[in-house]
Amino acid sequence: MMALLEVRDLHVAYGKIEAVKGISFEVEQGQVVTLIGTNGAGKTTTLRTISGLLRPAAGRIMFDGKTIQNTPAHQIVSMGLAHSPEGRHIFPRMTIEENLLLGAYLRKDAAGIAEDVSNAYSMFPILGERRSQAAGTLSGGEQQMLAMARALMCRPRLLMLDEPSMGLSPIMMKQIMDTITQLKSSGTTILLVEQNAQAALSLADQGHVLEVGRIALSGRGADLLHDEQVRKTYLGEE
Ligand code: ATP
């Protein structure tokens, strides 16, 4: 079976600094794949390059069988690849509903959009309760939910999430992880970047450990979770 996303020998540099030094991985339809690793390992750079926000120095990115590393970002979104960025990037002065609708700006099917807004509110009831309030009044975790819900509004074939648990309380984090599990069981394909290795590996089919721009280790999520080296380095065990 052809992978939905295929990344081959990807290199990305900021000037002379090579942040991603030849990584390869695949995401198959229906899978949750996670990239874990410490600060500066190159996770965010990888997602931004897949989204078309950065251009690779070398390598190949294929989405649904098409080469996309030279495709403009807006066109990549319209192909069904959505990115919920690190730091959320919601629009604080716009209402929650307006933020959600921005995620559907490429769509013209009013009925489908209305249905998806209502799905977002059932997935995240707090967003529905506050739909007419400025998004900036939401807590950090709630803003994270809004960013995820907005990314889902384009009905993506692949959802990329950059550190959805960042800065969240343990309760909020559990809620976000439960939502990802729910999305997975409804068939959404997800590429998840996380510093919280425990949470990410627990729900991922496949995981890759990034170390300074390279994939140091790959395996099934459950296997990596029990790998001694991973436990020592990323799960803080002695
Ligand atoms: P974090 O979890 O801290 O975001 P990360 O794994 O996502 O880490 P990246 O943000 O991709 O890592 O950063 C990879 C490397 O590239 C780091 O050494 C970082 O300092 C460098 N880097 C990132 N953005 C830039 C930039 N705009 N200009 C120069 N160097 C950058």
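The rules behind these values
- Residues numbered from 1 in each chain as written.
- Predicted model: local features only at pLDDT ≥ 70, side-chain atom pairs only at ≥ 80, totals over all residues.
- Heavy atoms only, no water.
- Pairing = 2+ DSSP bridges.
- Helix = DSSP H or I, 4+ residues; strand = E, 2+ residues; numbered from the N terminus.
- Axes fitted to C-alpha atoms, helices over the stretch in contact; angles between N-to-C directions.
- Contact = heavy atoms within 4.5 Å.
- Buried < 20%, exposed > 50% of the residue type's maximum accessible area, 1.4 Å probe, protein only.
- Core = buried A, V, L, I, M, F, W, Y, C linked by side-chain atoms within 4.5 Å.
- Near = heavy atom within 4 Å.
- Polar contact = N/O pair within 3.5 Å; in protein donor to acceptor, adjacent residues only side chain to side chain.
- Areas by Shrake-Rupley, 256 points an atom, 1.4 Å probe, with all protein chains shown as cover.
- pLDDT = per-residue confidence, 0-100.
- Parallel < 35°, antiparallel > 145°, perpendicular 65-115°, else oblique.
- Left-handed = near helix turned anticlockwise from the far one by under 90°.
- Nonpolar A, V, L, I, M, F, W, Y, C, P; charged D, E, K, R; others polar.

An unreviewed UniProt entry annotates the protein chain as ABC transporter ATP-binding protein originating from Actinocrinis puniceicyclus.

> Even after reading the chapter, I still don't get the sheet that holds strand β3 (residues 32–36), so can you show me in this structure?
Strand pairing within a sheet occurs via backbone hydrogen bonds; the two strands may be parallel or antiparallel. One open sheet accounts for six strands, arranged β6-β7-β8-β3-β9-β10; its pairing is mixed. Lying at the two open borders of the sheet, with one neighbouring strand each, are β6 (81–84) and β10 (214–220). Each neighbouring strand pair of the sheet contributes to a mean axis angle of 15°, computed without reference to strand direction. Its contacts with the sheet put helix α6 (residues 140–152) on β6 and β7 (158–162), and the angle it makes with β6 is roughly 170°.

> Even after reading the chapter, I still don't get the environment of Met 166, so can you show me in this structure?
The residue Met 166 is located in the loop between β7 and α7 (170–185) in this model. Met 166 sits in the partly exposed class, given a relative accessible area of 31%. Each C-alpha atom of the pair Met 166 and Gly 140 lies 9.0 Å from the other, and the pair is 26 residues apart in sequence.

> Looking at this model, I keep getting lost on the environment of Gly 221. Mind explaining?
Topologically, Gly 221 is positioned in helix α9 (residues 221–225). Relative accessible area serves as the criterion here: at 0%, Gly 221 is assigned to the buried category. Sequence separation of Gly 221 and Ser 78 is 143 residues, and the distance between their C-alpha atoms is 30 Å.

> Please clarify how the nonpolar core should be interpreted in this entry.
Burial of nonpolar side chains together is a common tendency in soluble globular proteins. Ranked by size, the top nonpolar core spans 47 residues in total, and within it Leu 100, Leu 127, Leu 146, Leu 159, Ile 180 and Ile 190 carry the most contacts. Among the elements that take part in this core, α6 stands out by supplying seven residues, more than any other. Not counting chain neighbours up to four residues away, the residues in contact with Leu 127 comprise Ile 96, Tyr 121, Leu 138, Glu 142, Met 145, Leu 146 and Ala 149. Membership of the second largest hydrophobic core comes to 25 residues, among which are Val 20, Ala 41, Ile 68 and Met 160.

> Even after reading the chapter, I still don't get the site of the ligand, so can you show me in this structure?
Lining the immediate surroundings of the ligand are 13 residues, of which Asn 39, Gly 40, Lys 43, Thr 44 and Thr 45 lie closest. Residue Tyr 14 places a side-chain N or O atom 3.4 Å away from a nitrogen atom belonging to the ligand. The contact in question runs from an oxygen atom of the ligand to an N or O atom on the backbone of Thr 44, over 2.7 Å. Expressed as a share of its isolated accessible area of 630 Å², the protein-covered part of the ligand is 62%. The dominant element in the shell around the ligand, judged by the number of residues it contributes, is helix α1 (residues 43–50), at three residues.

> Would you explain the confidence of the model for the protein chain in this entry?
When pLDDT drops low, the exact placement of atoms in the prediction is not to be read closely. Looking at the protein chain, pLDDT values average 92 and 98% of them are 70 or higher. Strand β1 (residues 5–14) holds the highest mean pLDDT among the elements of the protein chain, 98, whereas helix α10 (residues 228–234) holds the lowest, 82. Here the predicted complex carries an ipTM of 0.92, next to a pTM of 0.92.

> Sorry, what's going on with the packing of α6 against α7 here?
Pairs of packed helices are described in terms of their axes, by the angle between the two and the distance that separates them. Packing of α6 against α7 leaves a shortest axis separation of 10 Å and a crossing angle of 15°. By the angle class used here, α6 and α7 are roughly parallel. In this structure, α6 crosses over α7, and the sense of that crossing is right-handed. Residue-level contacts link Gly 141, Glu 142, Gln 144, Met 145, Met 148 and Leu 152 of α6 to Met 172, Gln 175, Ile 176, Thr 179, Ile 180 and Leu 183 of α7. Across the contact of α6 with α7, the residue classes break down as seven nonpolar, four polar and one charged.

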